[in-house]
Amino acid sequence: MRSSHAPGGPVRTRLILVRHGQTEYNRQGRLQGQVDIPLNEAGTRQAAVLAATVAENPPDLIVSSPLERARDTAQILANACGLDVRTDRAFLERGFGEWEGLRGEEIRRHWPAEHADWRAHRPVTGLGVEPRPAVGERVAVACRQLVAENTGGTVMIVAHGAAITLGVTALLGLDADGFRGIAGLENCHRSVLEPLTSDTTGHLMRLVSHNLAPDFL
């Protein structure tokens, strides 16, 4: 296992969260959720640029959401690093129920009250929209387990915008319902986290870098 450490410094465990490359739903401004949409040509190019960067300092393992857009992004990264890809349903995108595949204006037109709740950061009920805390916790639990199993290594997870944002929120010990201060990742951008050594529970992490571009080492 390749260790993550600064020259002369202690061994570090790292968690890198990567958002998948662009899809046509991304380009059209549609809410994807758990609809299985493939990468478009731009998304494949984004993943190839990121792969060249990641190969400079490859992770020890790559785990992906099973949705095609994430899995194919992960495979491009894995090919560049000589690794295999594992999939885990814990890293699925947040489910948006009846809203999946729709643009914001369509949601607002057909569900004005629920859309208003969503925009005002209130829970949306009755439409199959997965609660924010539930998403954050399922992502965070899986991240903690992988980090614990790979002490001193680098774990890379390829997932989705809302899942990553909410997972990071939970890993920082913040309230996923109330805290909205973490911007969503752009396509094929990354966040880097490390265990918070002062946390005796072993549950919390610190955010080292956020929204790193594909070609940024």
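Residues numbered from 1 in each chain as written. Predicted model: local features only at pLDDT ≥ 70, side-chain atom pairs only at ≥ 80, totals over all residues. Heavy atoms only, no water.

A. Up close: the overall build of the chain. Secondary structure assignment for the chain yields seven helices and eight strands. A compact globule built from 217 residues would reach a C-alpha radius of gyration of about 17 Å, and the chain, at 17 Å, matches this within 12%. Each principal axis of the C-alpha atoms in the chain carries an extent, and together these give about 60 × 40 × 25 Å. The buried share of the chain, taken over its 217 residues, is 47%. In the chain, the share of contacts with a sequence separation of at least 24, taken over all contacts with a separation of at least 6, comes to 71%. With the model as given, the accessible surface of the chain reaches about 10200 Å², and the carbon-plus-sulfur share is 50%. Of note, the chain has its 23 positive side-chain charges centred 3 Å away from the centre of its 25 negative side-chain charges. (Helix = DSSP H or I, 4+ residues; strand = E, 2+ residues; numbered from the N terminus. Rg over C-alpha atoms; globule rule 2.2 N^0.38 Å. Buried < 20%, exposed > 50% of the residue type's maximum accessible area, 1.4 Å probe, protein only. Contact = heavy atoms within 4.5 Å. Areas by Shrake-Rupley, 256 points an atom, 1.4 Å probe, with all protein chains shown as cover. Lys, Arg positive; Asp, Glu negative; His and termini not counted. Charge placed at Lys NZ, Arg CZ, Asp CG, Glu CD.)

B. The side chain of Asp 199, seen in detail. The residue Asp 199 is located in the loop between β7 (190-195) and β8 (205-212) in this model. One buried charged residue, Asp 199, remains without a salt bridge, the closest side chain of opposite sign being Arg 144 at 7.1 Å. At 2.8 Å, the side chain of Asp 199 forms a polar contact with the side chain of Thr 201. (Salt bridge = Lys/Arg side-chain N within 4 Å of Asp/Glu carboxyl O. Polar contact = N/O pair within 3.5 Å; in protein donor to acceptor, adjacent residues only side chain to side chain.)

C. Quick look at the packing of helix α6 (residues 132-149) against helix α7 (residues 161-171). Look at α6 against α7: their axes get within 7 Å of each other, and the N-to-C directions meet at 75°. By the angle class used here, α6 and α7 are roughly perpendicular. Residues Arg 132, Val 135, Gly 136, Glu 137, Val 139, Ala 140, Cys 143 and Arg 144 of α6 lie in contact with α7, whose contacting residues are Ala 163, Leu 166, Gly 167, Ala 170 and Leu 171. Class assignment of the residues belonging to the contact of α6 with α7 gives a composition of eight nonpolar, two polar and three charged. (Axes fitted to C-alpha atoms, helices over the stretch in contact; angles between N-to-C directions. Parallel < 35°, antiparallel > 145°, perpendicular 65-115°, else oblique. Nonpolar A, V, L, I, M, F, W, Y, C, P; charged D, E, K, R; others polar.)

D. Examining the environment of Leu 127 more closely. Structurally, Leu 127 can be placed in the loop between α5 (112-119) and α6. Along the sequence, Leu 127 and Glu 24 sit 103 residues apart, while their C-alpha atoms lie 24 Å from each other. Setting aside residues up to four positions removed in sequence, Leu 127 forms contacts with Phe 96, Gly 97, Glu 98, Trp 99, Trp 111 and Glu 114.

E. A look at the packing of aromatic side chains. Summed over the entire model, instances satisfying the criterion amount to three aromatic pairs. Between Trp 99 and Trp 111 the ring centres are 6.3 Å apart and the planes differ by 55°, which places this aromatic pair in the tilted class. Of this pair, Trp 99 sits in the loop between β5 (85-87) and α4 (104-110) while Trp 111 sits in the loop between α4 and α5, placing them twelve residues apart in sequence. Accessibility classification places Trp 99 together with Trp 111 in one group, the buried group. Ring centres of Trp 99 and Trp 118 lie 5.0 Å apart, and the angle between their planes is 45°; on these two criteria the pair is classed as tilted. (Phe/Tyr/Trp six-rings, centres within 6.5 Å; stacked < 30°, edge-to-face > 60°.)

F. Highlighting the nonpolar core. Counting residues in hydrophobic clusters, the biggest one holds 27 residues, and the most contacted among them are Leu 15, Leu 17, Phe 91, Cys 143 and Ile 157. Elements represented by at least two residues in this core include exactly β3 (14-19), β4 (61-64), α6, β6 (154-159) and α7. The element contributing the most residues to this core is α6, with seven residues. Residues within four places of Leu 17 in sequence aside, it is in contact with Cys 143, Ile 157, Ile 164, Val 168, Leu 185, His 189, Arg 190, Ser 191 and Leu 193. (Core = buried A, V, L, I, M, F, W, Y, C linked by side-chain atoms within 4.5 Å.)

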